[in-house]
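Survey of secondary and tertiary structure
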Number of protein chains: 2
Amino acid sequence: MRRLTLALDVMGGDFGPAVTVPAALQALVSYPQLELLLIGNPAAINPLLVKTDSVLLERLTIVPTESVITGDVKLSQAVRERRGTSMQIALDVIKSGQAQACVSAGNTGALMGLAKLVLKPLKGIERPALLVALPHQQKGKTVVLDLGANVVCDGLMLAQFAVMGAVIAERIVGINNPRVALLNIGVEETKGLNNIQQAAMMLQDAPSINYIGYLEANELLTGKTDVLVCDGFVGNVTLKTMEGVIRVFLSFLESSRESSRQGCLVKWVKWWIKRRLICQFGQLNPDKYNGACLVGLRGTVIKSHGAANQRSFAAAIEQAMQMVERQVLEQIAARLDMVLPKSD
Amino acid sequence: MRRLTLALDVMGGDFGPAVTVPAALQALVSYPQLELLLIGNPAAINPLLVKTDSVLLERLTIVPTESVITGDVKLSQAVRERRGTSMQIALDVIKSGQAQACVSAGNTGALMGLAKLVLKPLKGIERPALLVALPHQQKGKTVVLDLGANVVCDGLMLAQFAVMGAVIAERIVGINNPRVALLNIGVEETKGLNNIQQAAMMLQDAPSINYIGYLEANELLTGKTDVLVCDGFVGNVTLKTMEGVIRVFLSFLESSRESSRQGCLVKWVKWWIKRRLICQFGQLNPDKYNGACLVGLRGTVIKSHGAANQRSFAAAIEQAMQMVERQVLEQIAARLDMVLPKSD
């Protein structure tokens, strides 16, 4: 089995090494082909490794850092203060070839911004996109991108996002010949913005992309498409709108005025509905969800939820492994060559 | 009391004259200052007036038309076939000064498109905007615009929308010194698109606009602002996203798999939650809601829900009256002079 090396920013997230280091060890146990670079403060990491089997330790290297980009820092500040931080170094080791992907539970905006500064775009890609696989009503998932990496996108960028989304839907979500749609405000060809219409023309003509046309935002959770493409501004607004509506519904179910008049069973039903909603749709905020992926750079960057527990962070590591082992970036490059005009 | 004349496109909507004519008569009874032009097919209207008091009939004029723009027609087709339709003539009588506002339950896209063709923008306004007052968690309403009249907006247009929204929030919703925010993907000044940043600069400097900064889409229903401004593409996507999430939740409450295992009380709780959700948030689709208003033209255009019943259509007539009697357009013109650089 081919070895693969991932870099983990173990200092990021709400709980830092207390969660990320045990998750790293769990991943090493599960995947014998895996080698990990733990990027962080050795004084915080070493105590968590005391009882670790020496065979596991051989596949683990600590890359010492002194500082960390905190969760609430602005991008401009993160850029100024990035040197020597665990996030920056996790990206540097991808650039130098020591690792093929990285996982961080740190600040999403900073991670996106620094990744774009440190890593070059994949050949044939204008700009990377932030992507997530959203659960839909048919019990499957829809890959949605871009969610905020680029507030302005031209038609070619949107078409490239479509290709990247299709490869991820195929290779990671496991959908054969995934349907690809562009988010628009109507389904007629003449609807919407110029860049969307340009992307539509490119995708209509593209072989090996199953382009199904425009989709409106009210169809986002219905499972009518496997990949939904939009610019980063609209994607970010869309996800945050969903988060806002869900939050209102949850508070609606908690409404105390009604509760005082109700019996235990009624409260239980509300609680049950609430749990199911949280379970299915709880993490839709692009700043918070687990396993968002910045794709289109030379190296994969996986964003784990800031509040991730050991299991979630291990799942993000697994996602990074899949991106490498299933050769997603290579597939994207090959597919781009086939379907789209070269951008250089 | 000052007389006012409204034009009603009585042929639009799912039920046509059967709903719109009784609603018109109801409004005439309630408002002695009101005169109405019923634009439509006399053969469909006259039978509904047989039992009407002759005193009421004196304030009612039928403007005969032969055709109607159907609910599902595309804008391009509506433009081609507009001559002689009830919608076109309802707009023509505003242009000629015979009426000050019109109400239609017809196709939203066609109504917006034709209104822009027929009516000129208000002095100082670049483009009209489609606006709605959305219910929020604090039991109040937030005026949101633009919802689709303009897919591309520059900074000045957004600033003008802010002024129009503020006047409507003050005069129609009844909020003193309404808070005005711009929809953006973060709250930092450097976030988002150039046009939003330009609008922010204009609004910061504008006297008599209570500008509170950027708001993210997850705050849309929380009541943190009284007016929320965005371009028509983003506004349309946002409202449709909300509609989609609400639809998923409603179907989630209907889920039959669970129901078979549950007793009557559980079903009743689900039904009750569902009713309350529909009641509070049921009509969020920009193509469907009641009382959307196209503002910024010389004459007010109110869009009634296509499935409106007599009461809803009468409410839309009342809203049109309020727009005229509370001199919203005049207030907008005056406020623009005070707060923004002249566009001509």
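Details of the structure are given in the entry above.
Residues numbered from 1 in each chain as written. Chains lettered and ligands numbered in written order. Predicted model: local features only at pLDDT ≥ 70, side-chain atom pairs only at ≥ 80, totals over all residues. Heavy atoms only, no water.

Looking only at helices and strands, chain A has 13 helices and 11 strands in total. The C-alpha radius of gyration computed for chain A amounts to 21 Å, which stays within 12% of the reference 20 Å derived for 344 residues, consistent with globular compactness. For the C-alpha atoms alone, the extent of chain A along its principal axes is close to 65 × 60 × 40 Å. A total of 344 residues make up chain A; the buried ones form 60% of that total. Sequence-distant contacts in chain A: of pairs separated by 6 or more residues, those separated by 24 or more amount to 72%. When the accessible surface of chain A is totalled, it reaches about 14,000 Å², and 51% of it is carbon and sulfur. Here chain A holds 35 positive side-chain charges and 29 negative ones, and the gap between their average locations is 5 Å. (Helix = DSSP H or I, 4+ residues; strand = E, 2+ residues; numbered from the N terminus. Rg over C-alpha atoms; globule rule 2.2 N^0.38 Å. Buried < 20%, exposed > 50% of the residue type's maximum accessible area, 1.4 Å probe, protein only. Contact = heavy atoms within 4.5 Å. Areas by Shrake-Rupley, 256 points an atom, 1.4 Å probe, with all protein chains shown as cover. Lys, Arg positive; Asp, Glu negative; His and termini not counted. Charge placed at Lys NZ, Arg CZ, Asp CG, Glu CD.)

Here the focus is the sheet that holds strand S4 (residues 101-104) of chain A. All names here are of chain A. Taken together, 11 strands build an open sheet; the order of strands is S3-S2-S1-S4-S11-S10-S5-S6-S9-S7-S8 and the sheet is mixed. Strands at the two margins of the open sheet, each flanked by one partner only, are strand S3 (60-64) and strand S8 (210-215). When the angles between neighbouring strand axes are averaged without regard to direction, this sheet yields 25°. Sheet topology note: the strand S6 (residues 141-145)/strand S9 (residues 227-229) ladder contains three bridges and is parallel. Paired with Leu-145 across the two strands is Val-229, which belongs to S9. Sheet strands touched by helix H1 (residues 17-30): strand S1 (4-9), strand S2 (34-40) and S3. Its angle to S2, the strand with the most contacts, is close to 170°. The sheet strands contacting helix H8 (residues 194-205) are strand S7 (179-183) and S8, and the helix crosses S8 at an angle near 155°. (Pairing = 2+ DSSP bridges. Axes fitted to C-alpha atoms, helices over the stretch in contact; angles between N-to-C directions.)

Before going further, it helps to examine the nonpolar core. Of all hydrophobic cores here, the largest spans 244 residues; its most connected members are A:Leu6, A:Ile332, B:Leu6 and B:Ile332. If you look at the next biggest cluster of nonpolar residues, it comprises 10 residues, including A:Phe252, A:Val269, B:Phe252 and B:Leu253. (Core = buried A, V, L, I, M, F, W, Y, C linked by side-chain atoms within 4.5 Å.)

All names here are of chain B. For helix H7 (residues 155-173), which comprises 19 residues, the first-to-last C-alpha distance of 25 Å matches the rise-based estimate of 27 Å (1.5 Å per residue) to within 8%. With respect to burial, H7 is a largely interior element, 16 of its 19 residues being buried. One side-chain oxygen of the residue at the start of H7 lies 3.2 Å from the amide nitrogen of Leu-156, identifying that residue as Asp-154. (Expected span 1.5 Å × (residues − 1). Polar contact = N/O pair within 3.5 Å; in protein donor to acceptor, adjacent residues only side chain to side chain.)

Another point: the packing of helix H7 (residues 155-173) of chain A against helix H13 (residues 328-339) of chain A. Residue and element names in this part refer to chain A. At their nearest, the axes of H7 and H13 sit 9 Å apart, and the two run at 135° to each other. Relative to H13, the element H7 lies oblique. H13 is crossed by H7, and the crossing has right-handed handedness. Contacts between H7 and H13 pair Gln-160, Val-163, Met-164, Val-167, Ile-168, Glu-170, Arg-171 and Ile-172 from the former with Val-328, Gln-331, Ile-332, Arg-335, Leu-336 and Val-339 from the latter. Class assignment of the residues belonging to the contact of H7 with H13 gives a composition of nine nonpolar, two polar and three charged. (Parallel < 35°, antiparallel > 145°, perpendicular 65-115°, else oblique. Left-handed = near helix turned anticlockwise from the far one by under 90°. Nonpolar A, V, L, I, M, F, W, Y, C, P; charged D, E, K, R; others polar.)

Here the focus is unusual backbone geometry. In this chain, A:Leu145 is followed by A:Asp146 through a cis amide linkage whose omega measures 0°. Tracing the chain through its elements places A:Asp146 in the loop between S6 and H7. Positioned with a positive phi, A:Lys139 is a non-glycine residue whose angle comes to about 70°. One can find A:Lys139 in the loop between strand S5 (129-135) and S6. With relative accessibility at 71%, the residue A:Lys139 sits in the exposed group. A positive phi is found at B:Gln327, a non-glycine position, where the angle reads about 50°. Relative to the elements of secondary structure, B:Gln327 occurs in the loop between helix H12 (310-325) and helix H13 (328-339). Judged by relative accessible area, which is 33%, B:Gln327 ranks as partly exposed.

Another aspect to go through is helix H6 (residues 108-118) of chain A. Residue and element names in this part refer to chain A. Most of H6 sits inside the fold, with eight of its 11 residues counted as buried. Of all the residues in H6, the buried ones are Thr-108, Ala-110, Leu-111, Met-112, Gly-113, Leu-114, Ala-115 and Val-118. Contacts made by the buried residues of H6 are with helix H4 (75-80), helix H5 (86-95), S4, S5, strand S10 (292-295) and strand S11 (300-303).

The subject of this paragraph is the sheet that holds strand S2 (residues 34-40) of chain B. All names here are of chain B. Spatial ordering of the open sheet is given by S3-S2-S1-S4-S11-S10-S5-S6-S9-S7-S8, a layout of 11 strands whose pairing is mixed. The open sheet is flanked by strand S3 (60-64) and strand S8 (210-215), the only strands paired with a single partner. Recorded for the sheet is a direction-independent mean angle of 25° between the axes of neighbouring strands. Across three bridges, the pairing between strand S5 (residues 129-135) and strand S10 (residues 292-295) is antiparallel. Directly across from Leu-130, in S10, lies its bridge partner Leu-294.

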